[in-house]
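Architecture at a glance
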Amino acid sequence: MAYQLDLGSMRYRFADLRTLLAKATPLRSGDVLAGLAAENAQERAAAQWALADVPLKTFLHETVIGYEEDEVTRLIIDSHDAVAFARVAHLTVGGFRDWLLSDAADSHVLNALAPGLTPEMVAAVSKIMRVQDLILVARKCEVVTRFRNTIGLKGRMSTRLQPNHPTDDPSGVAATLLDGLLYGNGDAVIGINPATDNYQAVTRLMCMLDEVIQHYRIPTQSCVLTHVTTHIEAINRGAPVDLIFQSIAGTEAANASFGVSLSILQEAYEAGLSLKRGTIGENLMYFETGQGSALSANAHHGVDQQTCEVRAYAVARQFRPLLVNTVVGFIGPEYLYNGKQIIRAGLEDHFCGKLLGLPMGCDICYTNHAEADQDDMDMLLTQLGVAGINYIMGIPGSDDIMLNYQTTSFHDALYVRQVLGLRPAPEFESWLMRNGIFDDRGRLLSGGQLPAAFAHLQVQ
Amino acid sequence: MSEQESSVVVNAWSNLRQFTDARIALGRAGTSVPTAALLAFQLDHARARDAVHLPLDMALLQTQLTSAGLESLQVQSRAHNRLVYLQRPDWGRRLNAESVSVLEQRVAAALSAEGVDEGVLGADERLWDVAIVIVDGLSSQAVQAHSAAMVSRLATAFDQSGLTLAPVVLVQQGRVAVGDEVAEVLRARMVVLLVGERPGLSSPDSLGIYFTYAPKVGLTDAARNCISNIRPAGLSYEQACGKLMYLLLEANRRGLSGVQLKDESEVEPAQMLTSVNRNFLLPKE
């Protein structure tokens, strides 16, 4: 169905909902690359105006990718909860924005609404929201998940300790791991990107992280970020797998380019559950996403990159993940050109994920070929902190020496906790206090000496 | 700043830096990064930014390959300069028309040398077992520093395994997928692509190798295997060559590559066997 709008002497016409969504998207290089972006600023403004008038119900019968051709579309339509949707079923996209900003949409109401929303509804409303809207509404959402600790509570912000090493050297990994713990990081997960997919190397890292967590009784979970099929194999061979990782995207074809499908993810999820390794909860999937991945795989079906991204959250939602991480600036300048585009994308992803009921984190990051720097990351970090992000990454000095990009540092987490009064996950915070890393008011102890629990590690 | 004035808390575990190049034990000013560490980071970022835009000296690389006894051809992707390259990955994945004909002419010459009429060669028949493709990618520094030595080592290994090698193809402004097109035009059964990985703050010279069995235009990453971080402080040429030969011979045996082909080599990387490094966080056995 076509959409049109008269503005002054100009008549704007948009062939279908997919085109309207793309044209209404705030400018980003990936949509230009795909040939989907608005031709000029006025066309974008007109598309936003037209989009605001589209009833939310429209998204249930006009799909952006056909039901028959894409399993993600089938998942979205088949799992839609009409009862939950009833609360906003009478609204247009514009009216939905107003309602989200109103006091009627509180934490409890938004939580109940989540299964009634489709990714395309959420993507649509985000396109007509300013940064402050994205922050305000996301801040009202509370998505709490559990495995060995409690992540996502109000007033808390967790971190993934990311002790990557270019050759997976055990001492190199251990050195970064200890540094991170002593800076109060690691409650979301201790997660390594391995240098290879080699079974022996991956399994060795899984065992190493498990032994450290058990030895020091750290209330957290481990993950080695290898392909989901490698996790399944590792589980079959008896490796200690806490979280199961996979990169996912918003179309069946893009997921196929990652070597996964909904059925493979289901198999992995069930394999993880069978181990029963969570002590206080069963959320064990860890997904990473990022705008531009579907286009990168030439599998976007003419859908703009932000809408594709939100469709990936429908895939994530199916498997009750502990953590979802939008790796916002990793993909490069051909998708998100500069700091401004990265910042907005990070806030959109967090908002959209939270509204759909996901435990959103963000890899606040950039590469050396993007037009971005540390100042841009500080802005996104602070804004996501205000918006109530569940977790961020923690890397020594912002420099990932394995993946060759810059993300948030151990110090960055301490900064945002300090200025916004945020605390780690409660179980992990208690551990930090018991082990002399934090004082009883949650501040870092000196760092000038090793805490008692680690004093034996004086390395010659 | 004198010692007395310093507000910096120095970490007691700075000796752990011997185990990693990661920026650990930075100390802190309040809870923030101290001035010296901050400025060191900014300098490294400036260097990496500059490295992205440094052009690759193709002529020098061809000379090095010739010295190693290897024939090479120079071609270009559809991205005609760096600025376009950074914004149009789709153009970096494909050869321009002129480059395709350069490769087609080389194929015709090879057929004629063997006295084979091109029309007689079946669609599935292959002229060579392996094609090696070198692309600048995002770090010309990595390609300039490592690719000639790496290719020379690979060529020897292929030869020892009885695999025939096509002329080495150098692609300017290329991305990983362009290797599949090169190999398809050359009618090679497998492709090994060397690419400059995007520069990290501490590693502006990291080389990556991508491998595809039965390469053709349109394949995705799921069909490829990757070996990353080849540089003096990362994976050695020898280790990279060992990993690749394992993958390549397995692929050749099973007729596939990518996610279905896992690196199950029982051979430990040499460094793991000889290294005294261990996880010091746990008590000794």
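Since the model is a prediction, treat every value here as computed from it, not as a measurement. Every chain is numbered independently, its residues counted from 1 as its sequence is written. By the order in which they are written, chains take letters starting at A while ligands take numbers starting at 1. In keeping with the predicted nature of the model, local features appear solely for residues at pLDDT of at least 70, side-chain atom pairs appear and are counted solely at 80 or more, and the whole-chain, interface and lining totals rest on all residues. Each side-chain value is worked out from all heavy atoms of the structure, with water and hydrogens disregarded.

1. Considerations on helix 12 (residues 199–215) of chain A
Residues and elements named next belong to chain A. To be explicit about the condition: Secondary structure elements are taken from DSSP: a helix is a run of H or I of four residues or more, a strand is a run of E of two residues or more, and numbering for both begins at the N terminus. Here a helix's expected span is defined as the number of its residues, less one, multiplied by 1.5 Å. The buried label goes to any residue with under 20% of its type's maximum accessible area, the exposed label to any with over 50%, and the partly exposed label to all in between, with areas taken from a 1.4 Å probe on protein chains only. In what follows, a contact means two residues having at least one pair of non-hydrogen atoms within 4.5 Å. Nitrogen and oxygen atoms within 3.5 Å of one another constitute a polar contact, given that in protein one can donate a hydrogen and the other can accept it, and given that sequence-neighbouring residues count only through two side-chain atoms.
The end-to-end C-alpha distance of helix 12 is 24 Å, a good match for the 24 Å that 17 residues give at a rise of 1.5 Å each. Here helix 12 has its buried residues at Tyr-199, Ala-201, Val-202, Leu-205, Met-206, Met-208, Leu-209, Asp-210, Val-212 and Ile-213. Check the buried side of helix 12 and you find it contacts helix 11 (170–182), strand 6 (189–192), strand 7 (222–224) and helix 13 (228–236). A side-chain oxygen of the first residue of helix 12 lies 2.7 Å from the backbone nitrogen of Gln-200; this N-cap is Asn-198. Positive phi shows up at Arg-217, right after helix 12, with a value of about 50°.

2. Focus: the UniProt feature "binding site: adenosylcob(III)alamin" (unreviewed entry) in chain A
Applicable threshold: UniProt positions are given in the numbering used here, feature names are shortened, and annotations may be inferred rather than shown by experiment.
The positions UniProt marks with the feature "binding site: adenosylcob(III)alamin" (unreviewed entry) are Pro194(A), Gln246(A), Ser296(A) and Met402(A). The greatest C-alpha distance among the residues just named is 22.5 Å, and with 209 residues of sequence between them they are spread in space as well. Mapped onto the fold, Gln246(A) is located in strand 8 (residues 244–247). With a relative accessible area of 3%, Gln246(A) lands in the buried category. With near-sequence residues (within four places) excluded, Gln246(A) lies in contact with His227(A), Val228(A), Phe258(A), Val260(A), Leu265(A), Tyr286(A), Phe287(A) and Glu288(A). Within the structure, Gln246(A) has its side chain in polar contact with the backbone nitrogen of Val228(A) (distance 2.8 Å). With respect to the helices and strands, Ser296(A) occurs in helix 16 (residues 293–296). If we skip the residues at most four places from it in the chain, Ser296(A) touches Ile331(A), Tyr335(A) and Arg93(B).

3. Side note on the UniProt feature "binding site: adenosylcob(III)alamin" (unreviewed entry) in chain B
All names here are of chain B. Mapped onto the present numbering, the UniProt feature "binding site: adenosylcob(III)alamin" (unreviewed entry) falls on Val-176, Glu-197 and Cys-226. In sequence the annotated residues extend across 51 residues, while in space they remain close, none of their C-alpha pairs exceeding 11.5 Å. By secondary structure assignment, the location of Glu-197 is in the loop between strand 6 (188–196) and strand 7 (207–213). Judged by its relative accessible area of 41%, Cys-226 falls in the partly exposed class. Those residues in contact with Cys-226 that lie beyond four places of it in its chain are Ile-209 and Tyr-210.

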